[in-house]
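# Structural features, examined
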Amino acid sequence: MSLDAHMPIGLFDSGIGGLTVLHALRRRLPQENLIYLGDTARLPYGTKGKETIIRYSQRATQKLVDSGIKMLVIACNTATSAALPTLREQFAPLPVMGVVEPGAAAAVAASRNKRIVITATEATIAGGAYQEAIRRRCPEAVVIGRACTLFVSLAEEGWTDGPIAEGVAARYLEGIFGDGPERPDTLLLGCTHFPLFTDALRHVVGPDVRIVDSAATTAQAVEEELRRRNLLCESGTQGTSRFLVTDNIARFMRACGYFLGEEIRQDDVALVDL
Ligand code: DGL
C-alpha cells in the first residue's frame, strides 16, 4: 500500500453522525480531500454487539481502502471503541485514527475535579474504551458512564432542543449532577450525535459544567499524524468532500442539514454496497 499526500482522507461512520467530525476536519484542514462513508443501511451500531460492529467496520474500511485513501478516521465512537485495534492491525501500514483518545484527552484537560461523565451509546459505554482512556491519563479520575440511546433517533429527527430534548437529557442524567463535592464538572459527549444536544444538556447540567466533544480534538490529532508522516496536502486549493452511503441517499442528504449545517450536492453522493 503506497500512501501519498494527494490522496483523500477516508472517514466512516455508522450513518450520518460522523459528519460532525467531517465538519471539524474541513475547518482545520480545508485543503484536504475527504471521502466519507455512512453505513446508513446498518445504522445504528450503538445497540449492536462487539463482533458485529467489528465486522461492519472492516467492510466499511475495505471499501474506503479500495477507493485509495492515505488515512482512515473512524468518525464513530461506537466503531472506534469496538474496532480500532482490529482495523489498525488488519490495514497496516494505513494510519487509522479514532475519536476516543482525542475525546478522552479533551475531557481530562477540561476537568478540574476529575469527576467526568461520559454520555455515549450502549455499546460504547459497555465496551469501556473511554473509561480506560480517561483513567490511563488520570488514574484518580472518577468516571461515570451513561448510555443515552434515544438521543440518536432524536438527532436524526432534528428534535435536538426544546422540552422533549431537555426532558430526555434530564432523565438520562438523573441523580448525577447534584450539589456538593461529588458533583462532576465535565460532561463528555462520546457519540457523534450528541454535540447537537449541547443546549439541551446545558439546560440540565447548569452553566458551571464543561461540555466537551471529540470532533475538534480529533481534527487536531489527524493534522498532527499527517504532519508526522509527511502526508499533509499542501496544495493551497480548497479540498473536496465526497460521500458514499449504503442506503437512502435522500434521508442522508436531509440529515446533512442538521449535522453539517449546510446542504450537499446530489452529485457528490453515491450509493454503495459493502
Ligand atoms: N455514530 C455512533 C456513535 O458515535 C452513533 C450512532 C449509532 O449508534 O450508530 O457512537
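Residues numbered from 1 in each chain as written. Predicted model: local features only at pLDDT ≥ 70, side-chain atom pairs only at ≥ 80, totals over all residues. Heavy atoms only, no water.

Moving on, we come to the pairing of strand β1 (residues 9-13). Buried residues dominate β1, accounting for 5 of its 5 residues. Here β1 shows two buried faces, one formed by Ile9, Leu11 and Asp13 and the other by Gly10 and Phe12. Strand direction decides the pairing type here: β1 and strand β2 (residues 34-38), joined by 5 bridges, are parallel. For Gly10, the partnering residue across the bridge sits in β2 and is Ile35. Relative to strand β3 (residues 71-74), β1 is paired through 4 bridges, and the arrangement is parallel. Bridge pairing links Ile9 to Met71 in β3. (Buried < 20%, exposed > 50% of the residue type's maximum accessible area, 1.4 Å probe, protein only. Helix = DSSP H or I, 4+ residues; strand = E, 2+ residues; numbered from the N terminus. Pairing = 2+ DSSP bridges.)

Moving on to unusual backbone geometry. For the bond running from Leu43 to Pro44, omega is 0 degrees, close enough to zero to count as cis. Within the secondary structure, Pro44 sits in the loop between β2 and α2 (50-67). Cis geometry marks the peptide bond from Ala92 to Pro93, where omega comes out at 10 degrees. The topology assignment puts Pro93 in the loop between α3 (77-91) and β4 (96-97). Although it is not a glycine, Asn248 adopts a positive phi angle of roughly 55 degrees. A relative accessible area of 39% places Asn248 in the partly exposed class.

Contact geometry for helix α7 (residues 150-157) and helix α8 (residues 162-172): axes closest at 11 Å, N-to-C directions at 170 degrees. It follows from the interaxial angle that α7 and α8 lie roughly antiparallel. The way α7 lies across α8 gives a crossing that is left-handed. Two secondary-structure elements touch here, α7 through Leu150, Phe151 and Leu154 and α8 through Ile164, Ala165, Val168, Ala169 and Tyr172. (Axes fitted to C-alpha atoms, helices over the stretch in contact; angles between N-to-C directions. Parallel < 35°, antiparallel > 145°, perpendicular 65-115°, else oblique. Left-handed = near helix turned anticlockwise from the far one by under 90°. Contact = heavy atoms within 4.5 Å.)

On to the sheet that holds strand β7 (residues 186-189). Sheet architecture is open: 4 strands sit in the order β6-β5-β7-β8, paired in parallel fashion. A single partner strand is all that each edge strand has here, and the edge strands are β6 (142-147) and β8 (210-213). Across the sheet, the axes of successive neighbouring strands diverge by a mean angle of 25 degrees, strand direction being ignored. Strand direction decides the pairing type here: strand β5 (residues 115-120) and β6, joined by 6 bridges, are parallel. Paired with Arg115 across the bridge in β6 is Val142. Strand contacts of helix α4 (residues 100-110): β5, β7 and β8, with the helix running at about 160 degrees to β8, the strand carrying the most contacts.

Taken together, 14 residues are adjacent to the ligand, and Asp13, Ser14, Tyr45, Gly46 and Thr78 come closest. In this structure, Tyr45 approaches the ligand through a main-chain N or O atom, which is 2.7 Å from an oxygen atom. With respect to the ligand, the backbone of Asn77 contributes an N or O atom lying 3.0 Å from an oxygen atom. In the complex, the protein chains occlude 99% of the 300 Å² of accessible area that the ligand would expose alone. Residue composition of the shell around the ligand, by class: 6 nonpolar, 7 polar and 1 charged. (Near = heavy atom within 4 Å. Polar contact = N/O pair within 3.5 Å; in protein donor to acceptor, adjacent residues only side chain to side chain. Areas by Shrake-Rupley, 256 points an atom, 1.4 Å probe, with all protein chains shown as cover. Nonpolar A, V, L, I, M, F, W, Y, C, P; charged D, E, K, R; others polar.)

Before going further, it helps to examine α8. By the burial criterion, the buried members of α8 are Ala165, Val168, Ala169 and Tyr172. The buried side chains of α8 occupy one side of the element, clustering within an arc of 100 degrees when seen end-on. Across from the buried face of α8, at angles greater than 90 degrees, the exposed residues are Pro163 and Arg171. Looking at the buried residues of α8, the elements they touch are β6, α7 and α9 (198-205). (Arc of directions from axis to C-beta.)

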